[in-house]
Amino acid sequence: MAYIEPAPIKDKENPFESMMSRFDIAAKCLGLDDEVYNVLKSPVKQVIVNLPITMDDGSVQVFEGYRVIHSNILGPSKGGIRYDMDVHLDEVKALAAWMTWKCAVVDIPYGGAKGGIICNPRNMSPGEIERLTRAYTGALVEIFGPDRDIPAPDMGTGPREMAWLMDEYSRAQGMTVNAVVTGKPLVLGGSLGRTEATGRGVMITALAAMEKLKINPYHAKVAVQGFGNVGSWAATLLEERGASVVAVSDISGAYYNDSGIDINKAIEYRNANNGSLEGFKGAEKIAGDDLLTLNLDVLVPAAKEDVITVHNADQIKAKLIVEGANGPTSAKADALLNDKGIMAVPDILANAGGVTVSYFEWVQNRLGYKWTADRVSRRSDRIMKDAFNNVFKTSQEYNVSLRIAAYIVAIDKVAKTYKFRGRF
Ligand SMILES: NC(=O)C1=CN([C@@H]2O[C@H](COP(=O)(O)OP(=O)(O)OC[C@H]3O[C@@H](n4cnc5c(N)ncnc54)[C@H](O)[C@@H]3O)[C@@H](O)[C@H]2O)C=CC1
Ligand SMILES: O=C(O)CCC(=O)C(=O)O
């Protein structure tokens, strides 16, 4: 089947509509039943909570939080929690659906969920963030559970927040329940390899795609947008495999050095500078958006949604895009990239290394047994390579982009699960 133009969506791209337009194309390719289509197009549960928090100055601020469960047909729902001022319900709905497709693409037994709180953690003290995390957990204690819904980190959250979440949930249960959340500190039952897992999956799928495009990693110029967990690990591991990372960026702007940035130095600088690259001297500062249109072999967007859009897709010069972030390419931009022959390894495949190792963490917690770092990385690399090959093969079978192929693989698995479970 030939590539089908996504259904037009209104002026500003809405992440949920963007997700649905790809879902629609894949559903058509598969000839998906109306019943399954109608079930999967909406989340099974959407919860909105209001969280009054006493701030350090004694004032009370009310924060709005969300948890959306898109599907739990494959198993307990799984997905991170985002702390960011731009969080909104449609974004969380899209992120939850992407989790369903992602878990199905890498064939792990989870459904999809996502959570978020509208807040700016950079302007909050650790005490305020702790109270907010505990209040959010308390409000959702009936939703979360190791067999129901298992959160993890996303933008603005990390092991520290997961530890508070685990503690608050455990208090409510009257016992320690470490399998309720993944991405925890090692001492609380976190898995070796989880911190770097998403960036590692980006590296593995980037190398697999570079092989198909005959790009030699040792001659490859790479740029990475976003220098948090995913971006800095993707940059580190691609540099380790021989690539030259010529540009990185964060919210403060982009930093470019055509001879290659020393990624360890950039990380050291960021860690000593309150998480920001502002003032980094190992590269020239350029406008954040200019990073996307540099002369590159590989572009890794690893910050947030909708950064590659109809407004800049025709200026992208990279031969390959590997999506560390969720939803960095708008649906309308897909066709432009396709026309230019740019290969995009989609988010639901490229960044699935994180949830894969989260699954390993949950398995280890339930076994009460710790795996070695080597076992974690060997198994997750295998899963990522197999998933890439399966999606690549499907893209050839259906004559569609890797993105639509990934949706086809995922939706087919979820639809078959519905059939076998006898729901329709
Ligand atoms: N942490 C994880 O395991 C996973 C994260 N993801 C996705 O990866 C993306 C990044 O997540 P994390 O690295 O965890 O977040 P993070 O909070 O650790 O880092 C986010 C980074 O993006 C930067 N950023 C924000 N807005 C930006 C902009 N407009 N331009 C350039 N940089 C900008 C921030 O300054 C920061 O460096 C998100 O889309 C997230 O959903 C996907 C799979 C798993
Ligand atoms: O590790 C997880 O469970 C989920 C990570 C996540 O939120 C994502 O893959 O987008």
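Keep in mind the model is a prediction, meaning the values are calculated, not measured.

### Things to note about the sheet that holds strand E4 (residues 111–118)
What links the strands of a sheet is backbone hydrogen bonding, and the strands pair in either a parallel or an antiparallel sense.
Here's step 1: Across the sheet, which stays open at both edges, the five strands sit in the order E1-E2-E4-E3-E5 with mixed pairing between neighbours. Of all strands in the sheet, those with a lone pairing partner are strand E1 (45–54) and strand E5 (149–153), marking the two edges. Strand after strand, the sheet turns through a mean of 25 degrees between neighbouring axes, direction not considered.
Here's step 2: In this structure, E1 lies alongside strand E2 (residues 60–71), joined through 10 bridges in antiparallel fashion. In the strand pairing of E2, Ile-48 is matched with Tyr-66.
Here's step 3: Helix-sheet contacts for helix H3 (residues 89–105) involve E1, E2, strand E3 (77–84) and E4, and the interaxial angle to E4 is about 150 degrees.

### A look at the side chain of Asn-351
Here's step 1: With respect to the helices and strands, Asn-351 occurs in the loop between helix H10 (347–350) and helix H11 (353–367).
Here's step 2: When neighbours within four sequence positions are excluded, Asn-351 is seen to be in contact with Lys-102, Thr-198, Glu-323, Gly-324, Ala-325 and Asn-326.

### With respect to the pairing of E2
Here's step 1: With antiparallel pairing between neighbouring strands as the criterion, E1 and E2 make up a hairpin whose turn holds five residues, including Gly-58 at a positive phi of roughly 90 degrees.
Here's step 2: Two strands pair when backbone bridges link them, and E2 and E4 are joined in this way by six bridges, in the antiparallel orientation. Residue pairing in the sheet places Gly-65 in a bridge with Ile-117 of E4.

### Side note on the site of ligand 2
Here's step 1: Residues in close proximity to ligand 2 total 15 residues, the closest being Lys-78, Gly-80, Lys-102, Lys-114 and Ser-358.
Here's step 2: In the model, an oxygen atom of ligand 2 is placed 3.0 Å from a nitrogen or oxygen of the Asn-326 side chain.
Here's step 3: Coverage of ligand 2 by the protein amounts to 95% of the 290 Å² it exposes when considered alone.
Here's step 4: Among the secondary structure elements, those contributing two or more residues to the shell around ligand 2 are E3, H3, E5 and H11.
Here's step 5: A class-by-class count of the residues in the shell around ligand 2 yields four nonpolar, six polar and five charged.

### Focus: the site of ligand 1
Here's step 1: Around ligand 1 lies a shell of 23 residues, among which Arg-82, Asp-154, Thr-198, Val-230 and Asn-326 are the nearest.
Here's step 2: Residue Val-230 places a main-chain N or O atom 2.9 Å away from an oxygen atom belonging to ligand 1.
Here's step 3: Here an oxygen atom of ligand 1 and a backbone polar atom of Gly-324 are 3.4 Å apart.
Here's step 4: Relative to its free-state accessible area of 830 Å², ligand 1 is covered by the protein chains to the extent of 85%.
Here's step 5: Elements supplying a minimum of two residues to the shell around ligand 1: helix H6 (194–212), helix H7 (229–240) and strand E7 (244–250).
Here's step 6: Across the shell around ligand 1, the residue classes tally to seven nonpolar, 10 polar and six charged.

### Let's talk about helix H4 (residues 126–139)
Here's step 1: Over its 14 residues, H4 extends 20 Å from the first C-alpha to the last, a length consistent with the 20 Å expected when each residue adds 1.5 Å.
Here's step 2: Glu-128, Ile-129, Leu-132, Thr-133, Arg-134, Tyr-136 and Thr-137 are the residues of H4 that are buried.
Here's step 3: Against E1, E2, E3, E4 and helix H5 (159–173) lie the buried residues of H4.

### Let's talk about helix H8 (residues 263–272)
Here's step 1: Among all positions in H8, only Ile-263, Ala-266, Ile-267 and Arg-270 are buried. Along the axis of H8, the buried residues cluster in a sector spanning 100 degrees; they form a single face. Away from the buried face of H8 by more than 90 degrees, exposed residues Lys-265, Glu-268 and Ala-272 are located.
Here's step 2: Buried residues belonging to H8 abut H7 and E7.
Here's step 3: Between the side-chain oxygen at the start of H8 and the backbone nitrogen of Asn-264 there is a gap of 3.2 Å, and the oxygen is on Asp-262.
Here's step 4: Immediately downstream of H8, the backbone of Asn-274 shows phi near 55 degrees, a positive value.

Cut-offs used in this document
Residues numbered from 1 in each chain as written. Chains lettered and ligands numbered in written order. Predicted model: local features only at pLDDT ≥ 70, side-chain atom pairs only at ≥ 80, totals over all residues. Heavy atoms only, no water. Pairing = 2+ DSSP bridges. Helix = DSSP H or I, 4+ residues; strand = E, 2+ residues; numbered from the N terminus. Axes fitted to C-alpha atoms, helices over the stretch in contact; angles between N-to-C directions. Contact = heavy atoms within 4.5 Å. Near = heavy atom within 4 Å. Polar contact = N/O pair within 3.5 Å; in protein donor to acceptor, adjacent residues only side chain to side chain. Areas by Shrake-Rupley, 256 points an atom, 1.4 Å probe, with all protein chains shown as cover. Nonpolar A, V, L, I, M, F, W, Y, C, P; charged D, E, K, R; others polar. Expected span 1.5 Å × (residues − 1). Buried < 20%, exposed > 50% of the residue type's maximum accessible area, 1.4 Å probe, protein only. Arc of directions from axis to C-beta.

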